[in-house]
Each structure stands twice: as structure tokens, then as C-alpha cells.
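One-letter residues, chain by chain:
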Amino acid sequence: MEESSKNLRWRQRLESLQRALKQLKAALAALANDPSNDVIAIAVIKAFEFSFELSWKSLKDLLQHEGIDAMLPREVLRQAFAYGLLPEGQIWIDMLEQRNLMAHTYDEQRARQATAMIRERFAPALLELASALEERP
């Protein structure tokens with residue numbers, strides 16, 4: 001693939017990530033205003049899932065642009081950490097594992113735990129990544 005095309009791909013993915021993160025922030029704000037609303041909790045979980053997917057895929061495209069091939073999410077996260085794109089690797093592995101569990105979250109208690117984790121740990125890391133990627137040349 002041509003160099004400018006590789007650069008364009010990760011930049012386009014970053015734009016999609018930024019839109020998803022806006023939705024995540026809006027869902028988190030709505031949940032803060034109405035913490036017992038199950039529909040909003042589901043929206044937070046789904047917005048997190050979209051944001052996480054776009055994050056690791058943005059990293060995959062950027063790594064590819066830099067000449068590093070990694071295809072699977074766990075591999076991409078490890079390479080991104082090794083390459084210095086992620087300051088803390090474990091939180092990203094935690095996000096990957098929790099994302100897989102959240103896809104099967106049907107009870108209210110697990111949904112509450114998931115939204116707390118997203119609010120307190122995962123959303124800040126996702127926003128930090130998007131900001132760092134935005135600053136890349």
C-alpha cells in the first residue's frame with residue numbers, strides 16, 4: 001500500500017474515533033444525570049465498545065503506517081505499548097478483556113460495574129490516546 005494511503009487510513013480512523021468518543025462522553029454525562037437509567041447504561045457500554053474498537057484499529061493502522069504488522073487486538077495493543085504509543089499497557093489489556101465480557105452483560109449489577117469501570121478507568125485512557133494520536137505529525 002502506498003505511504004500516503006496508509007497515513008490517510010489511520011487519520012480517517014482517528015476521526016471516527018473522535019466522533020465515537022464524543023458519543024461516549026455524552027452517554028457518560030447523561031448517566032451522571034440519571035444513574036438509575038438502564039437504557040443510558042447500555043448506551044455507555046455500547047459507546048465504550050465502539051470507542052475501544054476504533055482505538056485499537058487506529059493503533060493497528062498507525063503501526064502499519066510505521067511498518068509494524070499486528071493484526072489481532074491483543075497483538076496490536078502489545079506492539080503499541082512496546083512502540084511507546086500507550087503509556088500503560090495493562091489498562092488496555094483490561095479494556096480488551098472487559099469489552100469481551102461486556103458483550104454478554106445482561107444483568108443490572110454487572111452493567112453498573114461496567115459503567116463505573118468505563119467512567120473511572122477506561123474513558124480517560126481512551127481520551128488520552130485520541131489526544132496523543134491527534135498530536136502526531
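See above for the structure.
Here is a short report on the structure shown in this document. (Residues numbered from 1 in each chain as written. Predicted model: local features only at pLDDT ≥ 70, side-chain atom pairs only at ≥ 80, totals over all residues. Heavy atoms only, no water.)

## Observations regarding the overall build of the chain
1) Next: The helix and strand inventory of the chain stands at five helices and zero strands.
2) Next: Seen in sequence order, the chain has helices and strands lined up from the N terminus as α-α-α-α-α.
3) Next: Since a compact globule built from 137 residues should have a radius of gyration of about 14 Å, the 15 Å found for the chain is in line with a globular shape.
4) Next: Dimensions of the chain along its principal axes, counting C-alpha atoms only, are 50 × 25 × 20 Å.
5) Next: Within the span of the chain, comprising 137 residues, buried residues form 42% of the whole.
6) Next: Long-range contacts, defined here as pairs at least 24 residues apart, represent 65% of the contacts in the chain between residues at least 6 apart. (Helix = DSSP H or I, 4+ residues; strand = E, 2+ residues; numbered from the N terminus. Rg over C-alpha atoms; globule rule 2.2 N^0.38 Å. Buried < 20%, exposed > 50% of the residue type's maximum accessible area, 1.4 Å probe, protein only. Contact = heavy atoms within 4.5 Å.)

## A few points about the side chain of Arg 99
1) Next: If you trace the backbone, Arg 99 turns up in helix H4 (residues 89–102).
2) Next: Residue classification places Arg 99 among the buried residues on the basis of a relative accessible area of 13%.
3) Next: In terms of polar contacts, Arg 99 uses its side chain to reach the side chain of Asn 100, at 2.9 Å. (Polar contact = N/O pair within 3.5 Å; in protein donor to acceptor, adjacent residues only side chain to side chain.)

## Considerations on the nonpolar core
1) Next: Counting 44 residues, the largest nonpolar core has Leu 24, Phe 48, Leu 77, Trp 92, Met 95 and Ile 118 as its most contacted members.
2) Next: Broken down by secondary-structure element, the contributors of at least two residues to this core are helix H1 (3–33), helix H2 (38–65), helix H3 (73–82), H4 and helix H5 (108–134).
3) Next: At twelve residues, H2 tops the list of elements feeding residues into this core.
4) Next: Contacts of Ile 118, omitting those with residues within four sequence positions, involve Leu 24, Leu 28, Val 44, Ile 45, Phe 48, Met 102, Ala 123 and Pro 124. (Core = buried A, V, L, I, M, F, W, Y, C linked by side-chain atoms within 4.5 Å.)

## Some thoughts on the packing of H2 against H4
1) Next: Remark: H2 packs on H4, axes separated minimally by 10 Å, with the N-to-C direction vectors making an angle of 135°. One finds that H2 runs oblique with respect to H4. The element H2 and its partner H4 pack so that their crossing is left-handed. Contacts from Ile 45, Phe 48, Glu 49, Phe 52, Glu 53, Ser 55 and Trp 56 of H2 reach H4 at Trp 92, Met 95, Leu 96, Arg 99 and Met 102.
2) Next: In the contact of H2 with H4, the residues fall into eight nonpolar, one polar and three charged. (Axes fitted to C-alpha atoms, helices over the stretch in contact; angles between N-to-C directions. Parallel < 35°, antiparallel > 145°, perpendicular 65-115°, else oblique. Left-handed = near helix turned anticlockwise from the far one by under 90°. Nonpolar A, V, L, I, M, F, W, Y, C, P; charged D, E, K, R; others polar.)

## Thoughts on the side chain of Thr 115
1) Next: Structurally, the position occupied by Thr 115 is in helix H5.
2) Next: Of the polar contacts made by the side chain of Thr 115, one reaches the backbone oxygen of Arg 112; its length is 3.0 Å.
3) Next: Sequence-distant contacts of Thr 115, that is, excluding residues within four places in its chain, are made with Leu 31, Ala 41, Val 44 and Ile 45.

## Comments concerning the environment of Leu 63
1) Next: Locating Leu 63 in the fold gives a position in helix H2.
2) Next: Put simply, Leu 63 and Ala 80 are 17 residues apart on the chain and 7.2 Å apart in space, counted from C-alpha to C-alpha.
3) Next: Ignoring anything within four residues of it in the chain, the contact list for Leu 63 reads Ile 68, Val 76, Gln 79, Ala 80, Tyr 83 and Leu 85.

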